[in-house]
Amino acid sequence: MLDVVTPMTRQELRTALTRLREYQRSAPADELGIIFDTIGFICFRLERYAEGLDAHRNAARYDKGRADFLNNAAACLIELGRYEEALTAIQEARKRPPMSPEIDVCLQLNLAEVRHLQGDRESARIAFEEAVQKLESPVALNLAHVASTASVLGFDDDAVEYAARSVAVAIGADLGETPALEFLREHPEALTGVASRSASLAAAIERVGARYDAPPPPDHRITAQISVPPEALSMLFVLVEEPPEPTPTLRKLFHESSS
Amino acid sequence: MSLPLEIRRLSQRDPRNTFSAGEDDEAKALNQFFAQYAGQNDSRGLSATSVALSGGTIAGFVTITPGAIDPSLIASHAKVGHHPAPLLILARMATDLRFQKQGVGEQLMHRVVFERAIDLADNFGCVGVYVDPKHRAVTYYSRFGFIPLATREATPPPMFLPLKTLRAARSP
């Protein structure tokens, strides 16, 4: 379930949920936090966000030291459109000692999504950048979360990039300088798996793909062959033959850097 | 005052969607180019984009490509004849809003555009640097000595900086 590249079907998720709920009834108390959190995670994948929220809140009650349980509750609240409550959950999570730097990143990504959905695109952009800057060791799940958030924020290209990084980490490959979209296309099963995580990410990958396969629009084409009217051409050749003296700004540019 | 900057070629791994040169139409076009086309142009060998980084954040970018004047247009120029006149095209340049007026453009112009033009001249031939500026950039390029190639057709007109002027600026 935590494997970003292996898609679980909805039936597999429902089966896992049933088994977990059965186990939860007789599980020792010290395991209930993680069990409820996992139940919440499955409900989230099944888009049963209200159930997921209840499960994550139960988890947070059983294990009060875990910031990630509150973070996961915030994710459900975002899907339910309860943005102010999501912000409160994020703030509460920040008061608890984070389990790992990855949770700090997740909190920041959720904050970015809330800001975006509240219409504050600039705050969302800043929060997203801060999340990316906090990424330390690459963890596939974190990278997939970055990809998903990027797609919600409309950062299609970054979404594809982080989806590719997530797959690369998951399968132990080196991206090198391979364009992200090409890398994902070279691993179609993994692409399907990571895209299944969120509809917005799947849509972003499709949009980037369509653009990548099409010629650029006229405004974005780069012309290497210059065509200018005769009077401009004549002027250009006069300048080539009788070049003007460098401006003070130009001289300063070269000489300040060499001093 | 100039920021200390790392300047290097754009990597396919560089995040590009958070770069913003502004919100007006010209800036949005530059943002879109950087986010969506700079990387794929580079990977296809169609142009070369370099970025200036401040503390790991992309503060600015410039895209250049070697070009030439359509040889059919210069047949009548006696000294050049039918040889295409090679030049370096400054295709796109922009500074992120958060880093404007801090010398980012100057450093990109110097360390990428002008140095690459001189390299091109030294190794392959180059008569100068050519740019089709946006309205907002005409005054900026003029400071470096770019001359508008007056034409009734284009507003603003394309601009040109001869290679010899660059060499003169670099000489002690």
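Residues numbered from 1 in each chain as written. Chains lettered and ligands numbered in written order. Predicted model: local features only at pLDDT ≥ 70, side-chain atom pairs only at ≥ 80, totals over all residues. Heavy atoms only, no water.

**Notes on the pairing of strand β2 (residues 48-54) of chain B**
Residue and element names in this part refer to chain B. Threshold: Accessible area is worked out with a 1.4 Å probe on protein chains only. A residue is then buried under 20% of its type maximum, exposed over 50%, and partly exposed in between. Runs of E in the DSSP output that reach at least two residues are strands. Runs of H or I that reach at least four are helices, and both are numbered from the N terminus. Criterion used throughout: strands pair if DSSP finds at least two bridges between them.
Burial analysis of β2 places six of its seven residues in the buried class, the great majority of the element. Across four bridges, the pairing between strand β1 (residues 6-9) and β2 is antiparallel. Bridging across to β2, Glu-6 finds its partner in Leu-53. Two strands pair when backbone bridges link them, and β2 and strand β3 (residues 57-69) are joined in this way by seven bridges, in the antiparallel orientation. Across the sheet, Ala-48 pairs through a bridge with Ile-64, a residue of β3.

**Observations concerning helix α13 (residues 230-241) of chain A**
Because the α-helix completes a turn every 3.6 residues, residues three or four places apart line up on one side. We apply this condition: A helix is expected to span 1.5 Å multiplied by its residue count minus one. Here the arc refers to the directions that run from the helix axis out to each C-beta atom. Whether two residues are in contact is decided by their heavy atoms, any of which lying within 4.5 Å being enough.
Between its first and last C-alpha, α13(A) extends 17 Å over twelve residues, near the 16 Å set by a 1.5 Å rise per residue. Buried residues of α13(A): Ala232(A), Leu233(A), Leu236(A), Phe237(A), Leu239(A) and Val240(A), and no others. In an axial view of α13(A), the angular spread of the buried residues amounts to 155 degrees, which keeps them on one side of the axis. Looking at the buried positions of α13(A), the neighbouring elements they touch are β3, β4 (86-95), β6 (147-148), β7 (159-162) and α4 (163-170) of chain B.

**Some details on the interface of chain B and chain A**
The following threshold applies: When two components associate, each loses some accessible surface as probed by a 1.4 Å sphere; the sum of these losses over both components is called the buried area. We define a salt bridge as a contact between a side-chain nitrogen of Lys or Arg and a carboxyl oxygen of Asp or Glu at a distance within 4 Å. Polar contact is defined as a pair of N or O atoms within 3.5 Å, subject to the rule that within protein one atom must be able to donate a hydrogen and the other to accept it, and that residues adjacent in sequence are counted only when both atoms are side-chain atoms.
Contacts between the two partners involve 72 residues from chain B and, on the opposite side, 54 residues from chain A. Of the roughly 5,300 Å² buried at the junction of chain B and chain A (both faces included), carbon and sulfur atoms supply 61%. When the buried surface of chain B facing chain A is broken down by residue, Arg13(B), Asn17(B) and Thr18(B) rank first, second and third, together holding 14% of it. At the boundary of chain B and chain A, one finds three salt bridges. The salt bridge partner of Arg125(A) is Asp96(B), with a shortest N-O separation of 3.9 Å. Counting across the interface, chain B meets chain A through 24 residue pairs in polar contact (both at pLDDT 80 or more). Taken together, the elements giving at least two residues each to the side of chain B that touches chain A come down to α1 (25-43), β3, β4, α2 (104-123), α3 (138-143), β6, β7 and α4 of chain B. Here the element with the most residues in the side of chain B that touches chain A is α1(B); it accounts for nine residues. With two bridges connecting them, strand β1 (residues 225-226) of chain A and β3(B) associate as parallel partners. Bridge assignment links Gln225(A) to a residue of β3(B), and that residue is Ala68(B).

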